[in-house]
Amino acid sequence: MYRRRVLALCGLAITGAGCQGETEDTGTVTPVPSPGVSEADTGSPPAVTVTDAAVTPGAVVPGTDSITVQSANGQFLVLTAAVEGSETDRTAFSLRFDGSTYSPQTLRNGLYRDGEWGKQFTETGGPLVFDLPATGSASDARLSWPSGEWTPPEAVQNRLKAPLPSFDVTLDGPERVTEPAMPTLEITITNTGDTAGRYVLALNRTGPRVAYAPVGRFDGELKPGETDTITREGKTPYVDDTEPREVTYHLRAPEDHNDATHRIKPVDEETVTES
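Caption draft 1: Main features of the sheet that holds strand β9 (residues 142–145). One open sheet accounts for four strands, arranged β5-β4-β9-β10; its pairing is antiparallel. Each edge of the open sheet carries a strand with a single partner, namely β5 (100–102) and β10 (148–150). Within the sheet, the average angular offset between the axes of one strand and its neighbour, ignoring direction, is 25°. Examined bridge by bridge, strand β4 (residues 94–97) and β9 share three bridges and lie antiparallel to one another. Considered in β9, the bridge of Arg-96 is made with Arg-142.

Below is the structure:
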């Protein structure tokens, strides 16, 4: 029998305009439902449909007032499952990979996706995040639950077998702006590895009159040597007499050396005279 439980999981960015969704590195994932449950059989296990799957180096998660990237120990397999019929929770699921069985991760505050703060797995479904070794045989890869199982498509299996590539990430923009000009930020991501893979980034800002605020979550698929450029309109530092008159952007990535900070200040008379 399945007792009613609602268990919060965690949960992948997503995404702002100009970036890809969670599943674009996997090809099309055809939903595969488990056997249906009749209305009379209310004690039977639920019907589960897996709709999305992505292999990523990290997951964007919310904090108190900002977002960051939680890195996988090896690689994350992030699935989205829909549950119909009898209610269930994430503990009913397990993943087989390279001869071992894994349970979904518990990410305390959930996932940050498409502006949604703390996406969780509930009785009707949601994200399932598995922290897996960096490489391994995916021939036995299976998501299982009491009433059925799901086999990842070939594109996902290939991602699980190959090591995740490294990325070089930069954050650029003007250091000073005049009023009323609005600064433009530019994030550049280059795949410096030997295999295709997905990057995951989180961007926040501080000021003016804001302690911390999320700007967006970005992820995308890049082939070896390929580059993505993401642009965002920034905030002006000219906000009445608020001090300090500056806006600072903080970029977070799975690899710490790709974290970046960019500060934008106003051009004032003193600055013009000194130059």
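Caption draft 2: Layout of the layout of surface pockets. Estimated volume of the largest pocket: approximately 180 Å³. As for the largest pocket, its lining consists of 17 residues, and the residues nearest its centre are Pro-57, Pro-165, Phe-167, Pro-254 and Glu-255. Listing elements by their share of the lining of the largest pocket, those giving two or more residues are β3 (67–84), β11 (167–172) and β14 (197–206). Top element by residues in the lining of the largest pocket is β14. It accounts for four residues. The residue inventory of the lining of the largest pocket, partitioned by class, reads eleven nonpolar, four polar and two charged. Taken domain by domain, the makeup of the lining of the largest pocket includes at least three residues from each of domain 1 (47–161) and domain 2 (167–266).

Caption draft 3: The arrangement of the environment of Arg-198 in detail. Mapped onto the secondary structure, Arg-198 falls in strand β14. According to the relative accessible area criterion, Arg-198 is buried, its value standing at 1%. Considered as a pair, Arg-198 and Thr-56 are 142 residues apart in the sequence and their alpha carbons are 5.7 Å apart. At a separation of 2.7 Å, a polar atom in the side chain of Arg-198 contacts the side chain of Asp-219.

Caption draft 4: The arrangement of the side chain of His-262 in detail. Here His-262 is to be found in strand β18 (residues 260–266). From its side chain, His-262 meets the backbone oxygen of Gly-173 in a polar contact 3.0 Å long. Side-chain polar atoms of His-262 contact the backbone oxygen of Pro-174, separated by 3.0 Å. For His-262, the residues in contact, after removing those within four places along its chain, are Leu-171, Asp-172, Gly-173, Pro-174, Glu-175, Leu-185, Val-247, Thr-248 and Tyr-249.

Caption draft 5: Representation of the pattern of salt bridges in the model. All told, the structure shown has seven salt bridges when counted by the stated rule. Here Arg-96 ties to Asp-140 by a salt bridge, and the two come within 3.7 Å at their closest N and O atoms. You can see Arg-96 sitting in strand β4 and its partner Asp-140 sitting in the loop between β8 (125–132) and β9, a full 44 residues away along the chain. Taking the relative accessible area as the measure of exposure, Arg-96 reaches 34% and is therefore partly exposed. Between Arg-263 and Glu-246 there is a salt bridge, and its shortest N-O distance comes to 3.1 Å. Linking Arg-263 in strand β18 with Glu-246 in the loop between β16 (227–233) and β17 (247–252), this pair joins segments that are 17 residues apart in sequence.

Caption draft 6: View of the packing of aromatic side chains. Within the structure shown, the criterion is met by four aromatic pairs. Considering the side-chain rings of Phe-93 and Trp-145, the 5.9 Å spacing of their centres and the 50° angle between planes classify their relative orientation as tilted. Of the two residues, Phe-93 is situated in the loop between β3 and β4 and Trp-145 in strand β9; the sequence distance between them amounts to 52 residues. Given the relative accessible area of 3%, Phe-93 is considered buried. With 5.7 Å between their ring centres and 90° between their planes, Tyr-112 and Trp-117 make a pair best called edge-to-face. An aromatic cluster of at least three residues, connected via ring pairs, comprises Phe-93, Phe-121 and Trp-145.

Caption draft 7: Summary view of unusual backbone geometry. Note that the residue after Gly-207, namely Pro-208, is joined by a cis bond; omega there is -20°. Within the secondary structure layout, Pro-208 lies in the loop between β14 and β15 (213–222). We note that Asp-98 has phi near 50°; this positive angle belongs to a residue other than glycine. Here Asp-98 is to be found in the loop between β4 and β5. A relative accessible area of 39% places Asp-98 in the partly exposed class.

Caption draft 8: Summary view of the sheet that holds strand β12 (residues 176–177). An order of β12-β18-β17-β14-β15 is seen for the five strands of this open sheet, with the pairing classed as mixed. In this open sheet, the two strands that pair with only one neighbour each are β12 and β15. Of the strand pairs in this sheet, β14 and β17 are connected by five bridges, and their pairing is antiparallel. Within β17, the position partnered with Asn-204 by the bridge is His-250.

The rules behind each value
- Residues numbered from 1 in each chain as written.
- Predicted model: local features only at pLDDT ≥ 70, side-chain atom pairs only at ≥ 80, totals over all residues.
- Heavy atoms only, no water.
- Pairing = 2+ DSSP bridges.
- Helix = DSSP H or I, 4+ residues; strand = E, 2+ residues; numbered from the N terminus.
- Axes fitted to C-alpha atoms, helices over the stretch in contact; angles between N-to-C directions.
- 1 Å grid on protein atoms, 1.4 Å probe; cavity = no way out; pocket = protein on both sides within 12 Å on 5 of 7 lines; lining within 4 Å.
- Points joined across faces, edges and corners; volume = space filled by probe spheres on them.
- Nonpolar A, V, L, I, M, F, W, Y, C, P; charged D, E, K, R; others polar.
- Domains from an automatic or database assignment.
- Buried < 20%, exposed > 50% of the residue type's maximum accessible area, 1.4 Å probe, protein only.
- Polar contact = N/O pair within 3.5 Å; in protein donor to acceptor, adjacent residues only side chain to side chain.
- Contact = heavy atoms within 4.5 Å.
- Salt bridge = Lys/Arg side-chain N within 4 Å of Asp/Glu carboxyl O.
- Phe/Tyr/Trp six-rings, centres within 6.5 Å; stacked < 30°, edge-to-face > 60°.

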